[in-house]
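What the coordinates show
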Amino acid sequence: MKTQCNRRGALARLGGVLAGALTLPIARQAKAAVQKLFVSSGAQRDYDPTKHKWLMCIDVNKCIGCGLCAEACKKENGVPEGPFYRTWIERYIIPKPKPGSGRTRGETKVDCPNGGMHGFPESPIAEDQIEHSFFVPKLCNLCAHSPCVQVCPVGATFDAPDGAVLIDSKYCIGCGFCIQACPYGCRFLSPVTKTAEKCTLCYHRITRGLKPACVEICPTQARIFGDLKDPAPETPIRKFYEQNRVQVLKPHLGTEPRVLYAGLDKEVR
Amino acid sequence: MSLFKMPPQVVRLVLLTLAIVVSYLVARAILTPASFGQYGWYRGAALEEIAARTPVYAGKQACDECHSDILRKLGKGEHRTLSCEACHGVSREHADNPDILPIKLTGSHCIRCHEANPSRPKWFKQIAVKDHYSGKCTECHLPHQPNQTP
């Protein structure tokens, strides 16, 4: 009789625990609702990330290397002082080949003083020796298959549904794997927060209907930004990739970037 | 009633297994962030947190609200692609409160783009400042209508 009672008691407790486990998801939803109420973010409320697919196009023939984009990015995003850039400009100088070398061009020189923020010093190669020279603006390539997301051990970085690759800085442990993994060198470890940082496509701007700071400030419209899910029949971005032959950086890596370049040279890496 | 006829060691084992499973479920419910899985295998609230930052650059549309006359003039000339803040500097404060004047910029700002550089595209108008003129750019050029002279 005594053992029977114990069994009944144990089963009753078991039932209670099971019922508790079943109510947990409800409790979690309630917790989320309460958090949403009290932790006000001030962000655009009607922005739905599943209804956008952002894309950036860059026309290399239009970049004049003024560095306003790199400077604007630093100001807009509070990027730490020093050699830390979310977007930057590289200068490519391809000299003429040595006579009789049997080559089409000499060895390419690439430089990027201060991310191109304050312009570029005089060319190290005399003007009459230059075959081609141009500027290439760089930023996060918005890969569809991002190597940086794949390597994150804590799941702090992710591909947002709207195409931006973002970092949850509350969960980033600053291990730096993603910085090693990014084939485009678009990430850095912030000396201030000790977490990885990268271009967010000015997420706080695009969710409010503004253009990213670099696109806003570019004086020659070398950068074009748009939404692939925009229902309008003729958007500047659509016009751009329909009228230009575009390519991506390092296509052999299979990252499928959504930053498209027009007018690139084969030397650009 | 075969359940109650189970040997006590089996009952203990079942209870222990259940206790482990339940403690896992409880720990998972407490430790998983509330918005985890909203869009994918990450915290959905992170998107809102990243978007919560206040924009620094006001944008051309904000300027258009008061200075549409200047923007119309600008739109007719070669400088039509320029954003106001490219030359006038960050003007969010001025956009929010017109009493705060935006930062004034000097002629050195013209050179930032127009100084001759072999890396710049050929279509772009460039000058070698030392061979050009030593005075102020605005003596001969109107920044808002670069095709006209004052």
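The structure presented is a predicted model; accordingly, all values stated were derived computationally and were not measured. (Residues numbered from 1 in each chain as written. Chains lettered and ligands numbered in written order. Predicted model: local features only at pLDDT ≥ 70, side-chain atom pairs only at ≥ 80, totals over all residues.)

Turning our eyes to something else, we now look at the overall build of chain B. Looking only at helices and strands, one finds 8 helices and 0 strands in chain B. Along chain B, from the amino end to the carboxyl end, the secondary structure elements read α-α-α-α-α-α-α-α. Relative to the globule expectation of 15 Å for 150 residues, the C-alpha radius of gyration of chain B, 33 Å, shows a markedly less compact shape. Projected onto its principal axes, the C-alpha positions of chain B cover 105 × 40 × 25 Å. By residue count, 19% of the 150 residues in chain B fall in the buried class. Long-range contacts, defined here as pairs at least 24 residues apart, represent 44% of the contacts in chain B between residues at least 6 apart. (Helix = DSSP H or I, 4+ residues; strand = E, 2+ residues; numbered from the N terminus. Rg over C-alpha atoms; globule rule 2.2 N^0.38 Å. Buried ≥ 20, exposed ≤ 12 C-beta atoms within 10 Å, placed from the backbone. Contact = placed C-beta atoms within 7 Å.)

Residues and elements named next belong to chain A. One open sheet holds the 3 strands; their spatial order is β3-β2-β4, and the pairing between them is antiparallel. The open sheet has two edge strands with one neighbour each: β3 (109-111) and β4 (130-138). Put simply, the sheet's adjacent strands are angled 15° from each other on average, direction ignored. Direction of pairing for strand β2 (residues 88-95) relative to β3: antiparallel, over a ladder of 3 bridges. Note that in β3 the partner of Arg 91 across the bridge is Asp 111. (Pairing = 2+ DSSP bridges. Axes fitted to C-alpha atoms, helices over the stretch in contact; angles between N-to-C directions.)

With that out of the way, let us pick up the domain arrangement of chain B. We note that the domain assignment places domain 1 (7-35 + 42-51) and domain 2 (60-139) within chain B. Inter-centroid distance (C-alpha atoms) of domain 1 of chain B to domain 2 of chain B is 58 Å. (Domains from an automatic or database assignment.)

This part takes up the interface of chain B and chain A. Tallying the contact residues gives 39 residues for chain B and 56 residues for chain A. Of all elements in the fold, only α1 (8-31), α2 (45-51), α5 (84-88) and α7 (108-114) of chain B reach the threshold of two or more residues within the side of chain B that touches chain A. No other element matches α2 of chain B, which puts 6 residues into the side of chain B that touches chain A. The residue makeup of the side of chain B that touches chain A, split by class, is 25 nonpolar, 7 polar and 7 charged. (Nonpolar A, V, L, I, M, F, W, Y, C, P; charged D, E, K, R; others polar.)

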